[in-house]
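Reading the structure
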Amino acid sequence: MFRTKRSVLVRRLWRSRAPGGEEEEAAAGESGAAVAVARASACGGGRECCPGKAGRGGRGAAGAEEELKALTHAVLKRLKERQLEGLLHAVESRGGARTPCLLLPAKADSRLGQHWYPLPVLLCKVFRWPDLRHCSEVKRLCCCESYSKAHPELVCCNPHHLSRLCELESPPPPYSRYTMDFLKPTDCPDSVPSSTETGRTNCLAPGGLSDFQVLQQPGDWSNWCVVAYWEEKTRVGRLYSVQEPSLDIFYDLPQGNGFCLGQLNSDNKSQLVQKVRSKIGYGIQLSKEVDGVWVYNRSSYPIFIKSATLDNPDSRMLLVHKVFPGFSIKAFDYEKAYSLWRPNDHEFMQQPWTGFTVQISFVKGWGQCYTRQFISSCPCWLEVIFNNR
C-alpha cells in the first residue's frame, strides 16, 4: 500500500516525540513526587527553579501511550501539509531553525486522561516536556505571532515558540551565595569597566573606542545592554552592543543571527574550555520585554545565572540559579534594580553599576556545591551589562 505524504509526515512526527511521554500520564504522581523530594534534599534544601521530568512508570503505561498516540494523530491529521512540514522542521531541528507559527483555533482543547489541554500545551507535552500539566507553566517567546496577544482567535501551537517557565517562589539550592556588598558603583569613573568577579580590564573596541566609551557614548539611547564573553579570567573579543529587542548568543546555531561565540578568536588551549565551548550549541536568547529581561536556555545543557533582581530585595545574599534546557527565567527587573540604589544619586546615573549586571555560566556551575567557588573559574561565561538610563 502506498502511503500519502501527509501520513508519512504524521508518522515522522510521532517518532520524533519527546522520550517518556508514553509513561507520563501513568507515572506523574508517584515518580514526580519522588523527583521533587530528591531535588529538594540536594545541596541542603530548597528546590531548583526548573522542575524535573517525571520518571518511568509501570502499570497503565501502555494504555496511556495508546491514548496519547490516538489523540496526537487526531490533532496532526487536522493540519495542512505545509503546517505538518513546518512542525516537523521545528521538532527535528530542536528549535534551531527559524520556523513559522502553527496557528490553530484557540478554543480547540483536547482531553487526555482526566485532563483537558489547550493545543499548545498538548503539542509541548508530546514533543518537548511530557511532564507539562498546565499553560501557566510555559511562556511564549517574543518571536511568536501570539506573543502578548490576550485573546486571539488563532493561537500558535509551534512547541518551539514556547519555553518552560522557571518558578522562583521557593529559593533554589544555594549553588552560591554572594553578599550584596558587590552592588556598589566602580570607584574610578574614568576607567574601563572590569568584571565584577575578575577585577580585570580588557582590550579596546574597534575604531579606538574603549569599552567604557562603548557603554557611555553621549546621546546613544539605542543600546539597552552590552555583552562580554569570558573564558575563565580572560575576556575574549570586544563588548557586543545590543540594539534589537532580542539577541541570540550561540556557538553553533542553524540560521543563527546574533552574537556567535564560535567566530571569536580565543587563545585558550584548555581542554575543558574547548569542551564546554563546543557544548554551548544553540546557546541562549536574551530578550528585553515589557516586564524585564528574559533569558531562554536554547542549549542542551544547564546554564547558571546570578542577578541582583532574582532574589529578595531585603536579602543580604545572592543566589546562583540553575536553568535547565528549554526553560526561561526573568533574569533582570529594571524596577527592582532601581529600588536597590538611589535613583537620584548623580554618581549612580553617570557610571556603570554592578547591580545592572547579570552573569551567566554555560554548562558549569559555581559555588558551594561545586569545586569552582567563583564564576571566574568557570570555563565559558557571559557578563551582561544593562543601560541604567
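The following paragraphs examine the structure supplied in this document.

Calculation notes
Residues numbered from 1 in each chain as written. Predicted model: local features only at pLDDT ≥ 70, side-chain atom pairs only at ≥ 80, totals over all residues. Heavy atoms only, no water. Helix = DSSP H or I, 4+ residues; strand = E, 2+ residues; numbered from the N terminus. Expected span 1.5 Å × (residues − 1). Buried < 20%, exposed > 50% of the residue type's maximum accessible area, 1.4 Å probe, protein only. Salt bridge = Lys/Arg side-chain N within 4 Å of Asp/Glu carboxyl O. Pairing = 2+ DSSP bridges. Core = buried A, V, L, I, M, F, W, Y, C linked by side-chain atoms within 4.5 Å. Contact = heavy atoms within 4.5 Å. Axes fitted to C-alpha atoms, helices over the stretch in contact; angles between N-to-C directions.

Remarks on helix α4 (residues 81–92)
In an α-helix there are 3.6 residues to a turn, and that puts residues three or four apart on one side. With 12 residues, α4 ought to run about 16 Å at 1.5 Å a step, and its terminal C-alpha atoms sit 16 Å apart, in line with that. Turning to α4, its buried residues number three or more, namely L84, G86, L87, L88, A90 and V91.

Some remarks on helix α5 (residues 119–127)
The buried count for α5 comes to 9 of 9 residues, which makes it a mostly enclosed element. Along α5, the positions that sit buried rather than exposed are L119, P120, V121, L122, L123, C124, K125, V126 and F127.

Observations regarding the pattern of salt bridges
Two side chains that carry opposite charge are able to pair once their charged atoms sit near each other. With the rule as written, the count across this model stands at 10 salt bridges. A salt bridge links K330 to D333; its shortest N-O distance comes to 3.3 Å. Under the relative-accessibility criterion, K330 is labelled partly exposed at 26%. You can call D333 buried: its relative accessible area is 11%. Residues joined by salt bridges that share partners form a network here, namely K5, E81 and E85.

Observations concerning the pairing of strand β9 (residues 234–242)
Both strand β8 (residues 225–231) and β9 contribute to a ladder of 6 bridges, which runs antiparallel. Bridging from a neighbouring strand, V227 pairs with Y240 of β9. As consecutive antiparallel partners, β8 and β9 are separated by 2 residues, and within that stretch E232 has a phi angle of approximately 55°, a positive value.

Describing the pairing of strand β17 (residues 357–362)
Of all 6 residues that make up β17, 6 are buried, and the element is covered over most of its length. Residue alternation in β17 divides its side chains into two sets, T357, Q359 and S361 and V358, I360 and F362, and both sets are buried. Here strand β14 (residues 303–307) runs beside β17; their pairing, made up of 5 bridges, is antiparallel. Bridging from a neighbouring strand, K306 pairs with Q359 of β17. Here 5 bridges tie β17 to strand β18 (residues 381–386), and the two strands are oriented antiparallel to one another. Paired with S361 across the bridge in β18 is W381.

Describing the environment of R15
Mapped onto the fold, R15 is located in helix α1 (residues 5–15). R15 sits in the exposed class, given a relative accessible area of 60%. Considered as a pair, R15 and F127 are 112 residues apart in the sequence and their alpha carbons are 9.7 Å apart.

Thoughts on the nonpolar core
Core analysis: the largest hydrophobic core is formed by 38 residues, its most contacted members being V227, V295, I305, I360, F362 and F386. Residues within four places of I360 in sequence aside, it is in contact with I284, V295, I303, F304, I305, I375, W381, L382 and V384. Residues L9, L13, L79 and V138 belong to the second largest nonpolar core, which totals 31 residues.

Description of the sheet that holds strand β13 (residues 292–297)
One open sheet holds the 7 strands; their spatial order is β4-β6-β16-β13-β12-β10-β11, and the pairing between them is mixed. Where the open sheet ends on each side, the last strands, each with one partner, are β4 (138–140) and β11 (258–260). In this sheet, adjacent strand axes meet at a mean angle of 30° when their direction is disregarded. Both β4 and strand β6 (residues 162–165) contribute to a ladder of 3 bridges, which runs antiparallel. Following the sheet pairing, V138 is matched in β6 by R164.

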